[in-house]
Amino acid sequence: MKEIRIHGRGGQGSVTAAELLAVAAFADNKFSQAFPAFGVERRGAPVQAFTRISDAPIRLRSQIYKPDYVIVQDSTLLEVVDVAGGLKDDGILIINSEFGPETFKLDTKARIMTVNATKIALDIIGRPIVNTVLLGAFAGATGEIRPGSIMDAVRERFPGKVGERNSEAIMEAYKMMEASI
Amino acid sequence: MKILPGGICDAGTTRVNKTGGWRTFKPVYDYDKCIKCKLCELLCPDSAVHPRDDGYFEFDYDFCKGCGICANECPKSAITMVLEEK
Amino acid sequence: MPREMNLDKSKMVVVEGSYAVAHAVKACRPNVISAYPITPQTHIVEDLSQFMADGEIPNCEYINVESEFSALSALVGASAAGARCYSATTSQGLELMHEVLFNVSGMRLPVVMTIVNRAVSAPISIWNDHQDTISQRDTGWIQLYAENIQEVSDMTAQAYRISEDRDILMPSMTCMDGFILSHVYEPVVLLEQDLTDGFLPAYEPEHVLDPKNPLTFGAFADPNYYTEFRYLQEQAMQRALKKIEDVANEFYDIYGRYYGGLIDEYRTDDAEIIIMAMGSVVGTIKDVIDKLRDRNVKAGLLKIRSFRPFPAEAIKNVIRDAKVVVVLDKNITLGLNEGALFTETKSTLYNTDVRVPIIGYMLGHGGRDIRIETIERVIDEATEVMKTGIRIESQFTDLREELL
């Protein structure tokens, strides 16, 4: 079983990203579970969402303490949240940033990767919405999920032009991450 | 008698429970004074005043408790409270 | 008996727990829905409102009300008039319904409610525990607790079948853990409309409130009659013990899905340590049991689906040969220092030949996460009890001592 933690700010679509990841994983013939960090959320406040992916049905209901992967939607969160907390040594931490991974000195043995998701989103989607873009980056960095499954899940949730542009951005982020492995 | 689950029973069962015996004074109409204003029927707390075909009213002594509201309110003093003979 | 479940992945979709429940309610073809939104129940009634707006629930009235008290009161009239009725609430909302809960069960109206279990204020908490429904255990409602969203959505149809049976006519609460199940996305088979139309025929009450043929419901009962009404309710609850099993079996025959009847068992056959619990935590416990079994710890799970009626016989039969029983409660009876499942399990055994030591833990209050480590620790402590006997009968666990 793989466990993923997504950090974001209220309104950035962290919960939606976790759900789309669960939908995509199921389409990949895995079992999945997505849930928010049950907080009293408000726009701008740090929030978390979680996804579990497994070959077998998932029964575990506790929260995620030792994630295999962490996705950070907004690098300013690093100042206020321990985003690397509990991350497994052989895990991967994906940060949305224009800077390279060496910029971030975090207390983790896990591999840090960065992607300029904001730029990709602005260039392709036309708005700074990075949650779906980061899912493409996740697929490229981890190989846990097919990018096509994420694109299908996003197109189903956001039909029409919005879904198409998001799919394009997902593919772009996927290729960038795959190349940087 | 068997009870039904949920306390379900016929409606209006208080009809079999005649309460007029409680009365000490009973109201009596003087139809010569009555102007058919209907106040007695409206104000009776026991619904014991019923209209007649001729427009006048009559008391249902099975349920009239003799409270005297009708006599008190009658604008023509057409109702008298009379001591019940028991 | 535990049964094989054949989950057809091709029929499954990944949806939110609340959506799965709302969809199940729709498939049950309700006639009147009345509910007041409250976290974490809100998504269920929002989804139902959407179905109504889209015309997807035919022959149904959705009554907007100004409180939970009104929501359930509206259903008293609607159910007496012969409508299949639904509501959903949680926590303070359920406590506000307290008086009406007795009216519904006393008038033998087969209303079904989903309770999205949440802690009770004060202090304010929107997170999960079972204090809200446990506090309503004496109101004459059947209480079923679900492990996952597949179970709670399927339980909706089961609850109508149980409640509307003329031998039962008692209302049901189907209980799902707030956020943990209501807000989780996971694969589920949405309750099938075609199968449900066969499984759950239209509600046909024997007595109907109708102005053309007036009847009195919930009549005055003086001391000559009141006791007999309570006795009849208890008889119905006792009959529900078998009905809950029968309906679960019939559901399995039609849908191929089974989660237990009154109870379910997991690896209890040779278990020395049996853990008893209700709700979503049983999933976590199953994972822990598998792990401990690999280390030759003979642990098993007794999942309680029906808390009302209380499955005393079923519990006795499962724990009879265990060496120690651990009861987990997400609630507390203040002044007794015990959770309700613990207290009632013990009382069930007192006048019997079953003499197994039982210890109780109160945990998961106000949304405190129940971690794998917690389950492992209580099993460790249960292992000690096998050697030394009971030292502490009932206690809080996962207490943050540094705050006290």
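Model, not experiment: these values are computed from the prediction.

Reading the values: the criteria
Residues numbered from 1 in each chain as written. Chains lettered and ligands numbered in written order. Predicted model: local features only at pLDDT ≥ 70, side-chain atom pairs only at ≥ 80, totals over all residues. Heavy atoms only, no water. Contact = heavy atoms within 4.5 Å. Phe/Tyr/Trp six-rings, centres within 6.5 Å; stacked < 30°, edge-to-face > 60°. Buried < 20%, exposed > 50% of the residue type's maximum accessible area, 1.4 Å probe, protein only. Lys NZ or Arg CZ within 6 Å of the ring centre and 35° of its normal. Helix = DSSP H or I, 4+ residues; strand = E, 2+ residues; numbered from the N terminus. Lys, Arg positive; Asp, Glu negative; His and termini not counted. Salt bridge = Lys/Arg side-chain N within 4 Å of Asp/Glu carboxyl O. Core = buried A, V, L, I, M, F, W, Y, C linked by side-chain atoms within 4.5 Å. Domains from an automatic or database assignment. Buried area = accessible area lost by both parts, 1.4 Å probe. 1 Å grid on protein atoms, 1.4 Å probe; cavity = no way out; pocket = protein on both sides within 12 Å on 5 of 7 lines; lining within 4 Å. Points joined across faces, edges and corners; volume = space filled by probe spheres on them. Nonpolar A, V, L, I, M, F, W, Y, C, P; charged D, E, K, R; others polar. Axes fitted to C-alpha atoms, helices over the stretch in contact; angles between N-to-C directions. Parallel < 35°, antiparallel > 145°, perpendicular 65-115°, else oblique. Left-handed = near helix turned anticlockwise from the far one by under 90°. Polar contact = N/O pair within 3.5 Å; in protein donor to acceptor, adjacent residues only side chain to side chain. Pairing = 2+ DSSP bridges. Expected span 1.5 Å × (residues − 1). Bend = angle between axes of the 7 residues up to and from the residue.

Q: What should I look at first to understand the arrangement of the chains in this one?
A: The top pair by number of contacts, from a total of two pairs of chains in contact, is chains A and C. Structurally, chain A and chain B remain out of contact, their C-alpha atoms never closer than 41 Å.

Q: Can you help me understand the packing of aromatic side chains in this one?
A: What characterises a pair of aromatic rings is the spacing of the ring centres plus the angle enclosed by the ring planes. Using the criterion set out here, one finds 13 aromatic pairs over all chains in the structure. When the ring of F307 of chain C is compared with that of F310 of chain C, the centres are 5.8 Å apart and the planes differ by 90°; the resulting orientation is edge-to-face. In this structure F307 of chain C comes out as buried when scored by relative accessible area, which is 0%. Among the residues examined, F310 of chain C registers a relative accessible area of 16% and is labelled buried. Above the face of the Y61 of chain B ring, K26 of chain B is positioned so that its terminal group lies 5.0 Å from the ring centre. A cation sits over an aromatic face here: R308 of chain C above F307 of chain C, 4.8 Å from the ring centre.

Q: What should I look at first to understand the side chain of D60 of chain B in this one?
A: All names here are of chain B. Relative to the helices and strands, D60 is located in the loop between strand 4 (57-59) and helix 2 (69-73). Within the buried core, D60 has no salt-bridge partner, and the shortest N-O distance to an opposite charge, that of R23, equals 7.4 Å. Excluding its chain neighbours within four sequence positions, the residues that come into contact with D60 are A48 and H50.

Q: Can you walk me through the nonpolar core in this structure?
A: Generally speaking, a soluble globular protein has its nonpolar side chains buried in company with each other. Counting residues in hydrophobic clusters, the biggest one holds 103 residues, and the most contacted among them are L48, L72, Y86, V111, M113, I142 and L302 of chain C. Per element, the largest residue contribution to this core is eight residues, and it comes from helix 9 (residues 226-255) of chain C. The residue makeup of this core includes at least three contributed by each of domain 1 (9-255) and domain 2 (263-403) of chain C. In contact with L302 of chain C, other than residues within four places in its own chain, are I263, D264, I274, I275, M276, A277, I315, V318 and I319 of chain C. Core analysis: the next-biggest nonpolar cluster, separate from the first, contains 48 residues, L21, F26, I58 and V130 of chain A among them.

Q: Looking at this structure, I do not really get the interface of chain A and chain C. What am I missing?
A: Accessible area lost upon the coming together of the parts is a frequently used measure of interface size. Taken together, the contact pairs 22 residues of chain A with 26 residues of chain C. Both sides of the chain A and chain C interface together cover about 2,200 Å² of buried area, and 58% of this is carbon and sulfur. Put simply, chain A and chain C have three salt bridges between them. The salt bridge involving E186 of chain C is made with R61 of chain A; its shortest N-O contact spans 2.9 Å. Of all the secondary structure elements, the ones that give two or more residues to the side of chain A that touches chain C are helix 1 (14-27) and strand 2 (31-36) of chain A. When residues of the side of chain A that touches chain C are assigned to their parent elements, the largest contribution, six residues, is made by strand 2 of chain A.

Q: Is there a simple way to think about the layout of surface pockets in this case?
A: Rolled over the atoms, a probe sized like a water molecule indicates the empty space that remains. Computed from the structure, the largest pocket encloses a volume of approximately 920 Å³. As for the largest pocket, its lining consists of 31 residues, and the residues nearest its centre are R59 of chain A together with M5, E147, N148 and K286 of chain C. Broken down by class, the residue content of the lining of the largest pocket amounts to 14 nonpolar, five polar and 12 charged. Inspection of the lining of the largest pocket shows a minimum of three residues originating in each of domain 1 (9-255) and domain 2 (263-403) of chain C.

Q: Just to check I follow, could you spell out the packing of helix 1 (residues 17-27) of chain C against helix 2 (residues 42-53) of chain C for this structure?
A: Helix packing geometry: the angle between the two helix axes and the distance between the axes. Residue and element names in this part refer to chain C. The geometry of helix 1 relative to helix 2 is characterised by a closest axis approach of 8 Å and an angle of 45° between their N-to-C directions. In terms of their interaxial angle, helix 1 and helix 2 are classed as oblique. The element helix 1 and its partner helix 2 pack so that their crossing is right-handed. Residues S18, Y19, V21, A22, H23, V25 and K26 of helix 1 lie in contact with helix 2, whose contacting residues are H43, I44, D47, L48 and F51. Per-class residue counts for the contact of helix 1 with helix 2 are seven nonpolar, three polar and two charged.

Q: Whenever I open this one, the domain arrangement of chain C confuses me. Can you help?
A: All names here are of chain C. The domain architecture assigned to chain C consists of domain 1 (9-255) and domain 2 (263-403). The C-alpha-based centres of domain 1 and domain 2 are spaced at 28 Å. In this complex, domain 1 contributes 28 residues to the contact, which on the side of domain 2 involves 26 residues. Where domain 1 abuts domain 2, roughly 2,100 Å² becomes buried across the two surfaces, and 51% of that area is made up of carbon and sulfur atoms. Contact with domain 2 buries area across many residues of domain 1, yet R137, Y145 and E147 alone supply 30% of it, more than any other trio.

Q: Please clarify how the interface of chain C and chain B should be interpreted in this entry.
A: Listed per partner, the contact involves 14 residues of chain C and 10 residues of chain B. In total, chain C and chain B occlude about 1,100 Å² of area from one another, counting both sides; carbon and sulfur atoms represent 72% of this. Contact with chain B buries area across many residues of chain C, yet H207, T216 and F229 of chain C alone supply 39% of it, more than any other trio. For the interface between chain C and chain B, the tally reads five residue pairs in polar contact (both at pLDDT 80 or more). Listed by contribution, the elements that provide at least two residues to the side of chain C that touches chain B are strand 9 (215-216) and helix 9 of chain C. Here the side of chain C that touches chain B takes three residues from helix 9 of chain C, the largest share from any one element.

Q: How should the pairing of strand 5 (residues 92-96) of chain A be read in this particular structure?
A: Successive side chains on a regular strand alternate, one facing one side of the sheet and the next facing the other. Residue and element names in this part refer to chain A. In terms of residue burial, strand 5 counts as a mostly covered element, since five of its five residues are buried. The alternating pattern of strand 5 places I92, I94 and N96 and L93 and I95 on opposite faces, both of which are buried. Here strand 4 (residues 69-72) pairs with strand 5 via four bridges, running parallel. Residue pairing in the sheet places V70 in a bridge with L93 of strand 5.

Q: Would you mind going over helix 7 (residues 149-164) of chain C with me for this structure?
A: Three- or four-residue spacings in an α-helix give side chains the same orientation, since the helix completes a turn every 3.6 residues. Residues and elements named next belong to chain C. Taking 1.5 Å per residue, 16 residues should reach 22 Å; helix 7 reaches 23 Å between its end C-alpha atoms and fits that length. For helix 7, the principal kink sits at T156 and spans about 30°. Among the 16 residues that make up helix 7, 16 are buried, leaving the element largely enclosed by the rest of the structure.

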